[in-house]
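Chain and residue survey
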Amino acid sequence: MIFKVTAKNELKKLFENLAAHNRVVGPVQIGENKNGKPLYAFEDVHEFSDLRLDYTTTRLPAKRFFLPFEENLATFKIEDGNWEKTVDYNVEQPVVFFGLHPCDINALNKLDKVLMHSVYPMPYYVAKRKNMFIVGIDCIPQPHCFCRSMGSDTALTGFDLFITDIGDKYFIEILTDTAFNFLRYLKIEEPNDKDHVKYMKSHEKKSKKFTANVDTNDLTKILDLEFQSGVWEQWGGKCLGCGSCSHVCPTCYCYGVEETVDIDLKGAKKTKKLHSCTLIDFAEVAGGHNFRPHRNDRLKYRYYHKHRGFVEAFEESLCVGCGRCGETCLAGITVPEVIASVRGNGRKK
Ligand code: SF4
Ligand code: SF4
């Protein structure tokens, strides 16, 4: 990794050069909540002044740009008894993500493990992922963030360059050749001792701001032990089975495939739609049998996949601690509270 510093007003040049030939997606303000606090979302950005690099969090992750809710996998044309299949990976142009927080970069790293580097890679995801340029930016922990507990409060890989605000300058971490090439448009300098100290201090300051946490020590073992625990029924009794937690989760990738045939039988298409393990039909199979008809079993499955099964397969959890699920859940179900209750020291309602 290479480190540089630059004056804050130089960043605009980086944006403009990246935006000249690429689609840029970044955090923008889309309104205010009822308490007057700004609401942010990842959207296409055309002007540097529209970017809100000081954003707190977005309700939806950037997932829709590389793992869309609905995507055509293939279309078919049928004529004179012959059929032709067309596959499109739906990549129109390279996308620059300008201003991803460490949790969202780490979420991408986890998705890569399953969708890019596993035995069965998903070409639709791989094609989009290979056409990305990522500018990460450090964040200020919010009350619902527990990324520190999940080891996702900093990003070591998965970005091209990463920016930290050290007061009068930006401290830049450079990970790829492409990023280094783009930096030639900016006035950059080697960081001096003072910059190093400011960088370390900014991390120290950030660590002190976390209020939410999850005790992950021996968690897989504890989940094994507590598989039959009554807490799952208690949380399941609150869960509405709405699927919102998966919808806002940057690491949820489960999907279903639907095939539809045109009424004139001359065409057909295969469509992928993101699904949620908390929805009632997630584990329903042909013949109508449902392996998890009860909400408590489905909610439990979500936690066991993220915090146990994925750890067994990839040696890390499938949760980055962004807290979006808890912020979105109408029943007020949050990961820190559920895990604490499984450990026997949290709320059990
Ligand atoms: S945990 Fe919350 S968001 Fe998730 S399905 Fe249940 S009620 Fe919906
Ligand atoms: S499970 Fe919740 S806290 Fe964990 S990554 Fe998904 S949305 Fe974020």
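Conventions adopted
- Residues numbered from 1 in each chain as written.
- Chains lettered and ligands numbered in written order.
- Predicted model: local features only at pLDDT ≥ 70, side-chain atom pairs only at ≥ 80, totals over all residues.
- Near = placed C-beta within 6 Å.
- Nonpolar A, V, L, I, M, F, W, Y, C, P; charged D, E, K, R; others polar.
- Axes fitted to C-alpha atoms, helices over the stretch in contact; angles between N-to-C directions.
- Helix = DSSP H or I, 4+ residues; strand = E, 2+ residues; numbered from the N terminus.
- Parallel < 35°, antiparallel > 145°, perpendicular 65-115°, else oblique.
- Contact = placed C-beta atoms within 7 Å.
- Core = buried A, V, L, I, M, F, W, Y, C linked by C-beta atoms within 7 Å.
- Buried ≥ 20, exposed ≤ 12 C-beta atoms within 10 Å, placed from the backbone.
- Domains from an automatic or database assignment.
- Pairing = 2+ DSSP bridges.

1. Some points on the site of ligand 1
Close contacts around ligand 1 come from 14 residues, with Cys239, Cys242, Cys245, Thr278 and Cys329 the closest. Looking at the shell around ligand 1 residue by residue, the class counts come to 9 nonpolar, 5 polar and no charged.

2. What about the packing of helix α7 (residues 231–238) against helix α9 (residues 295–314)?
Taken N-terminus to C-terminus, the directions of α7 and α9 make an angle of 110°; their axes are 8 Å apart at the nearest point. Relative to α9, the element α7 is oriented roughly perpendicular. Here Trp232, Glu233, Trp235, Gly236 and Gly237 of α7 come into contact with α9, specifically with Arg295, Asn296, Leu299 and Lys300. Partitioning the contact of α7 with α9 into residue classes produces 3 nonpolar, 3 polar and 3 charged.

3. Re the nonpolar core
Nonpolar side chains tend to gather and get buried jointly when the protein is soluble and globular. If you look at the biggest cluster of nonpolar residues, it comprises 70 residues, and the most contacted ones within it are Phe97, Phe98 and Val135. For this core, the element with the most residues is helix α2 (residues 102–115), which contributes 6 residues. Three or more residues apiece are contributed to this core by two domains, here domain 1 (2–65 + 90–208) and domain 2 (219–250 + 280–342). In this view, Phe97 contacts Val25, Gly26, Ala62, Met132, Ile134 and Val135; residues no more than four positions away in its chain are not counted.

4. Some points on the environment of Lys238
Residue placement: Lys238 occurs in helix α7. Residues Lys238 and Gly332, 94 residues apart in the sequence, show an inter-C-alpha distance of 8.5 Å. Ignoring sequence-local partners within four residues, the contact set of Lys238 consists of Ala331 and Ile333.

5. So, the sheet that holds strand β7 (residues 132–137)
Read from one edge to the other, the open sheet built from 8 strands follows the order β3-β2-β6-β7-β8-β9-β1-β10, with strand pairing classed as mixed. Edge positions in the sheet fall to β3 (38–44) and β10 (188–189), since each of these pairs with one other strand and no more. Helix α5 (residues 193–208) rests against β1 (2–7), β8 (161–165) and β9 (169–174) of the sheet, and its axis sits at about 85° to β9.

6. Section: unusual backbone geometry
Leaving glycine aside, a negative phi is the common case for residues, and trans is the common case for peptide bonds. Despite not being glycine, Asn90 shows a phi value in the positive range, around 60°. Counting through the fold element by element, Asn90 comes out in the loop between β5 (82–86) and β6 (95–100). In the Ramachandran plot, Leu265 falls in the positive-phi region, its phi being about 60° despite a non-glycine side chain. Position of Leu265 relative to the elements: it lies in the loop between β11 (255–261) and β12 (267–274).

7. Concerning the site of ligand 2
Contacts to ligand 2 come from 13 residues, most closely from Cys249, Cys319, Cys322, Arg324 and Cys325. A class-by-class count of the residues in the shell around ligand 2 yields 8 nonpolar, 3 polar and 2 charged.

8. Details of the sheet that holds β5
As summarised here, the arrangement of the 4 strands in space is β5-β4-β12-β11, forming an open sheet in which the pairing is antiparallel. If you trace the sheet from one side to the other, it starts and ends with β5 and β11, each paired once. Geometrically, the sheet is characterised by an average inter-axis angle of 20° between neighbouring strands, direction not taken into account. For β11 and β12, the ladder comprises 7 bridges, and the chain directions are antiparallel. Bridge assignment links Glu259 to a residue of β12, and that residue is Lys270.

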